[in-house]
Amino acid sequence: MNGGIERVGVVGGGQMGAGIAEVCARAGLDTVVCEVDAVAARTARDRVAASLERAVRRGKLERTAARDALARLVFTGGMDDLADRQLVIEAVIENPGAKTEVFAALDKIVEDPEAVLATNTSSLPIMRLGMATGRADRVVGLHFFNPVPVLPLVEVVTSLHTSARTTTLVEDFATRALGKTVIRSQDRAGFIVNALLIPYVLAAVRMAESGFATAADIDSGMELGCAHPMGPLKVADLIGLDTVASIAESLYDEFREPLHAPPPLLQRMVQAGLLGRKTGRGFHRYDQG
């Protein structure tokens, strides 16, 4: 790969995948989004279109630019359509088995041996995903933050096998093409941000679980008393309580620290489908209209 990355693939068109696809398209890149089937692909397109429309309404994007970005996107229900991509970013559910399966499939489908396979995982080992392929030196963590079109940060996470060339290529892609700020992390559960954030969020869950304070008061305390823009339980709702629980489990599996263990209340809420903003109810209620 002599020049920069021009052809990008995204596997998964949910909240994170759609956001990643949007910023790639807005950066002028030829972008293909792969979902499980044609119906899910149409839903992903609608998600990106709605996000672009919000940006236009808020004066953050010209309507012509929004139309051009959507025109650069192709949505498909078949992973074979990623064969010619120079970079593929996996953004499926935070589940080791699902992600490993995607990487094993991409290794067979993506034709260019120099192509980079990246994961948007919040916490899972990059090494594990790399070893599911025959190109572990071209596998890297590229962790965006929600909402992707708004937040400027990307964590670049390298495994013991990730080559310096791969690292340089994805850092250049994130900074020059997408205009993001990069921080670099070793391949440890939670990386930098979630290794610091999730124990804090879990402490807030335990406080609510114990009846010590309400969710509203916990969040107000941190927003008004510590000048945080969003309280910890609102943050959990934004991330998704299922994702918070998955990250906590990954941290606990690696470090065996009690502060990393997901509290029973969090587990019950996930079981009940009360996942936060994306379902309309978590620690707070949200208008889904």
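Residues numbered from 1 in each chain as written. Predicted model: local features only at pLDDT ≥ 70, side-chain atom pairs only at ≥ 80, totals over all residues. Heavy atoms only, no water.

## Digging into the overall build of the chain
Now for step 1: Per the secondary structure count, the chain includes 11 helices and eight strands.
Now for step 2: Here the C-alpha radius of gyration of the chain, 19 Å, is about what a compact globule of 289 residues would show, namely 19 Å.
Now for step 3: The principal-axis extents of the C-alpha atoms in the chain amount to approximately 60 × 45 × 35 Å.
Now for step 4: Contacts in the chain between residues far apart in sequence, at least 24 positions, make up 67% of those at least 6 positions apart.
Now for step 5: Separation of charge centres in the chain, based on 31 positive and 35 negative side chains, amounts to 4 Å. (Helix = DSSP H or I, 4+ residues; strand = E, 2+ residues; numbered from the N terminus. Rg over C-alpha atoms; globule rule 2.2 N^0.38 Å. Contact = heavy atoms within 4.5 Å. Lys, Arg positive; Asp, Glu negative; His and termini not counted. Charge placed at Lys NZ, Arg CZ, Asp CG, Glu CD.)

## Quick look at helix α7 (residues 193-210)
Now for step 1: Compared with an ideal rise of 1.5 Å per residue, which puts 18 residues at 26 Å, α7 spans 26 Å between its outermost C-alpha atoms and is within 8% of the ideal.
Now for step 2: Residues of α7 that are buried include every one of N194, I198, P199, V201, L202, A204, V205 and A208, and no others.
Now for step 3: The secondary structure elements touched by the buried residues of α7 are β6 (139-144), α8 (215-225), α9 (232-239), α10 (241-255) and α11 (264-271). (Expected span 1.5 Å × (residues − 1). Buried < 20%, exposed > 50% of the residue type's maximum accessible area, 1.4 Å probe, protein only.)

## Some words on the pattern of salt bridges
Now for step 1: Using the criterion set out here, one finds 14 salt bridges in the structure.
Now for step 2: Residue R85 is joined to D84 by a salt bridge in which the shortest nitrogen-to-oxygen separation is 3.0 Å.
Now for step 3: As a salt-bridge pair, E114 and R138 come within 3.9 Å of each other at their nearest N and O atoms. Of this pair, E114 sits in the loop between α4 (96-109) and β5 (116-119) while R138 is found in the loop between α5 (126-130) and β6, placing the two residues 24 residues apart along the sequence.
Now for step 4: Using a relative accessible area of 4% as the deciding quantity, one classes R138 as buried.
Now for step 5: Shared partners join several salt bridges into a network, and the residues in it are D30, D84 and R85. (Salt bridge = Lys/Arg side-chain N within 4 Å of Asp/Glu carboxyl O.)

## Focus: the sheet that holds strand β1 (residues 7-11)
Now for step 1: Sheet architecture is open: eight strands sit in the order β3-β2-β1-β4-β5-β6-β7-β8, paired in mixed fashion. Of all strands in the sheet, those bounded by a partner on one side alone are β3 (73-76) and β8 (181-186). Each strand of the sheet is rotated relative to its neighbour by a mean of 25°, with strand direction disregarded.
Now for step 2: Note that strand β4 (residues 87-90) and β5 share four bridges and pair parallel. Paired with I89 across the bridge in β5 is A118. (Pairing = 2+ DSSP bridges. Axes fitted to C-alpha atoms, helices over the stretch in contact; angles between N-to-C directions.)

## Thoughts on the pairing of β5
A regular strand places its side chains so that they alternate between the two faces of the sheet.
Now for step 1: Here β5 shows two buried faces, one formed by V116 and A118 and the other by L117 and T119.
Now for step 2: Crossover connection from β4 via α4 to parallel β5: handedness right-handed.
Now for step 3: Here β5 pairs with β6 via three bridges, running parallel. Paired with A118 across the two strands is V140, which belongs to β6. (Right-handed = clockwise from strand over helix to strand, strands pointing away.)

Read these as geometric descriptors, not functional statements.
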